[in-house]
Amino acid sequence: QVQLVESGGGLVQAGGSLRLSCAASGSFFSINAMGWYRQAPGKQRELVAVITSGGSTNYAGSVKGRCTVSRDNAKNTVYLQMNSLKPEDTAVYYCNALWRVTSYANPVLSWGQGTQVTVSS
């Protein structure tokens, strides 16, 4: 099983920056993709950014150019650097990881508990 723990959320003024971290721990063979999602009050959870084990990335259009996802495979940690934050970025941010317990096992998706990001105007 994989446990994901997010950190780095908080309150920031519009135009400010935050860096989120998500560390994976537990027993697994490999972690493939890791990603960040967010959920604002009354809205569905949406993709923010995802990064594969090889470093390929994909971003939501709303954050492209303002956010950078990165990954330290040695530490099993994914980061989300968010710049030029807007009030509409306010949400609970969740990380997830697609991992395998063995090389031949089906991939499993796990989620962290989330970290609150609040951007004031």
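The structure we're discussing is the one just above.
Colleague: So what's going on with the overall build of the protein chain? Which residues, and what values?
Modeller: Of the regular secondary structure elements, the protein chain holds 0 helices and 11 strands. Ordered by position from the N terminus, the helices and strands of the protein chain form the series β-β-β-β-β-β-β-β-β-β-β. Over its C-alpha atoms the protein chain spans a radius of gyration of 14 Å, differing by no more than 12% from the 14 Å that the globule rule assigns to 121 residues. If one aligns the C-alpha atoms of the protein chain with their principal axes, the spans along those axes are about 50 × 25 × 20 Å. A total of 121 residues make up the protein chain; the buried ones form 39% of that total. In the protein chain, of all internal contacts separated by at least 6 residues, the share reaching a separation of at least 24 is 55%. Just so you have it, the protein chain exposes about 6,300 Å², and 48% of that area is on carbon and sulfur atoms. A gap of 5 Å separates the mean positions of the 10 positive and 5 negative side-chain charges of the protein chain.

Colleague: Would you mind going over the state of the cysteines in detail, with residue names and values included?
Modeller: Per the counting criterion, the structure on display carries 1 disulfide. The side chain of Cys22 participates in a disulfide bridge whose partner is Cys95; the two sulfur atoms lie 1.8 Å from each other. Highlighted residues: Cys22 in strand β3 (residues 18-26) and Cys95 in strand β9 (residues 91-100), separated in sequence by 73 residues. A single burial state applies to Cys22 and to Cys95, both of which are buried. With no disulfide of its own, Cys67 has Cys95 as its nearest cysteine by sulfur position, at a separation of 15 Å. Judged by its relative accessible area of 6%, Cys67 falls in the buried class.

Colleague: Residue-level account of the pairing of strand β4 (residues 30-39), with values.
Modeller: Of the strand pairs in this sheet, β4 and β9 are connected by 8 bridges, and their pairing is antiparallel. Note on β9: the bridge partner recorded for Ser30 is Arg100. The sheet contact formed by β4 and strand β5 (residues 46-51) spans 5 bridges and is antiparallel. Across the sheet, the residue bridging to Tyr37 is Leu47, located in β5.

Colleague: Run through unusual backbone geometry, naming residues and quoting values.
Modeller: Most peptide bonds adopt trans geometry, and most residues besides glycine take a negative phi value. If you check the backbone angles, Asn76 has positive phi at about 50° while not being a glycine. Along the chain, the position of Asn76 falls in the loop between β7 (67-72) and β8 (77-82). In this structure, Ser84 takes a positive phi of about 50° despite not being glycine. Following the sequence through the fold, Ser84 ends up in the loop between β8 and β9.

Conventions we followed
- Every chain begins its residue count from 1, and numbering advances along the sequence as written.
- Given that this is a predicted model, residues contribute local features only at a pLDDT of at least 70 and side-chain atom pairs are listed and counted only at 80 or more, while totals for whole chains, interfaces and linings are drawn from all residues.
- The side-chain numbers reported here are obtained from all heavy atoms of the structure, hydrogens and water having been left aside.
- Going along the chain from the N terminus, every DSSP run of H or I of four or more residues is numbered as a helix, and every run of E of two or more is numbered as a strand.
- Only the C-alpha atoms count toward the radius of gyration. The rule for a globule is 2.2 Å times the residue count to the power 0.38.
- Only protein chains enter the calculation, and the probe is 1.4 Å; a residue is then buried if its accessible area is under 20% of its type maximum, exposed if over 50%, and partly exposed in between.
- For this analysis, residues touch if any pair of their heavy atoms sits within 4.5 Å.
- Areas reported as accessible are Shrake-Rupley estimates using a 1.4 Å probe. Residue values count occlusion only from the protein chains shown.
- Only four residue types enter the tally: Lys and Arg on the positive side, Asp and Glu on the negative side; His and the chain ends are excluded.
- Working definition for charges: the position is that of NZ of Lys, CZ of Arg, CG of Asp or CD of Glu.
- Two cysteine sulfurs form a disulfide in these notes if their separation is within 2.5 Å.
- If DSSP finds at least two bridges between two strands, the strands pair.

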